[in-house]
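Survey of secondary and tertiary structure
What follows is each chain in one-letter form.
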Amino acid sequence: RVDTCWNLSLLSVLPEYGGQGLGQRIAEYSLQIAKDMGAEMARANMGSSFSQRIGVKCGFKPVVTATYKDGYKNYHKMSEAIRSTHKTCVAMVKQL
């Protein structure tokens, strides 16, 4: 049973700053804030291959994976709106 859960969302770094570890540092800082506020668990929907790698590095565990080729938004295939390097969205959780 979990009484408090932190939702980590909208993690993004401009492409010119990619590969410098900034996304991971932002996620780790957010998780520390969650711990300081008494959260017992964190959850995140990792919508890109970049954020999924960061999630794993930060200790998140995948719960559910959905492929963009199967999804629709406003009657348009998600795969048409997402870069081809991003294949899935993964719901992840982490015990704090």
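See the structure shown above.
In this report, the structure presented in the accompanying data block is examined. Just so it is clear, the model here is predicted, and its values are computed rather than measured. Numbers given for residues are sequential positions, taken from 1 along each chain in its written order. Local features in this predicted model are restricted to residues of pLDDT 70 or higher, and side-chain atom pairs are both shown and tallied only at a pLDDT of 80 or more, whereas totals for entire chains, interfaces and linings draw on every residue. Just so you know, side-chain values use all the structure's heavy atoms and leave hydrogens and water out.

On the surface, a cluster of nonpolar side chains totalling about 350 Å² of accessible area is made up of V13, L14, Y17 and I26. Starting at the N terminus, helices and strands are each numbered in turn, a helix being any DSSP run of H or I of at least four residues and a strand any DSSP run of E of at least two. Take Y17: it is sitting in the loop between β1 (5–8) and α1 (22–36). Whether a residue is buried, partly exposed or exposed follows from its accessible area with a 1.4 Å probe, protein chains only, as a fraction of its type maximum: under 20%, in between, or over 50%, in that order. Note on Y17: relative accessible area 43%, which makes it partly exposed. Any residue with relative accessible area above 30% and no salt bridge may belong to a patch, with like charges joined within 9 Å and the nonpolar Val, Leu, Ile, Met, Phe, Trp and Tyr side chains within 5 Å. In this description, accessible areas are obtained by the Shrake-Rupley approach with a 1.4 Å probe, and a residue is regarded as covered only by the protein chains that are shown. We count a salt bridge whenever a side-chain nitrogen from Lys or Arg sits within 4 Å of a carboxyl oxygen from Asp or Glu.

The tendency in soluble globular proteins is for nonpolar side chains to be buried as a group. Each nonpolar core is a collection of buried residues, namely Ala, Val, Leu, Ile, Met, Phe, Trp, Tyr and Cys, held together in the definition by side-chain atoms within 4.5 Å. Counting residues in each nonpolar core, the largest one holds 11 residues, listed as L8, A27, L31, A42, A44, M46, I54, C58, F60, V90 and M92. Among the elements of the structure, α1, β2 (41–46) and β6 (88–95) are those that each provide at least two residues to this core. Considering each element in turn, this core owes the most residues, 3 residues, to β2. Residues in contact with I54, not counting those within four places in the same chain, are L11, G23, Q24 and A27. Contacts are assigned to residue pairs that have any heavy atoms within 4.5 Å of one another.

Before going further, it helps to spend a moment on the side chain of S30. Looking at where S30 falls in the secondary structure, it is placed in helix α1. By relative accessible area, S30 is classed as buried at 16%. Leaving out residues up to four positions away in the same chain, S30 has contacts with W6 and L8.

Attention now goes to the sheet that holds β1. Any two strands are treated as partners once DSSP identifies two or more bridges connecting them. A sheet is described by the order of its strands in space; here 4 strands give the open sequence β1-β2-β6-β3, paired in mixed fashion. Of all the strands in the sheet, just β1 and β3 (61–67) have a single pairing partner and so form its edges. Taking the axes of each pair of neighbouring strands and ignoring which way they run, one obtains an average angle of 15° across the sheet. Inspection of the sheet shows β3 paired to β6 by 6 bridges, in the antiparallel sense. In the strand pairing of β6, T67 is matched with T88. Along the sheet, α1 contacts β1, β2 and β6; its crossing angle with β1, the most-contacted strand, is approximately 155°. Lines fitted to C-alpha atoms define the axes, with helix axes restricted to the stretch in contact, and inter-axis angles between N-to-C directions lie between 0 and 180 degrees. Sitting on the sheet, helix α2 (residues 49–57) is in contact with β2 and β6, with an inclination near 20° to β6.

A separate point is the pairing of β2. Note that β1 and β2 share 4 bridges and pair parallel. Note that in β2 the partner of W6 across the bridge is A42. Look down the strands so they point away from you; if the path from the first strand over the helix to the second goes clockwise, the crossover is right-handed. Each parallel crossover has a hand, and for β1 linked through α1 to β2 it is right-handed. In the sheet, β2 pairs with β6 via 6 bridges, with the strands oriented antiparallel.

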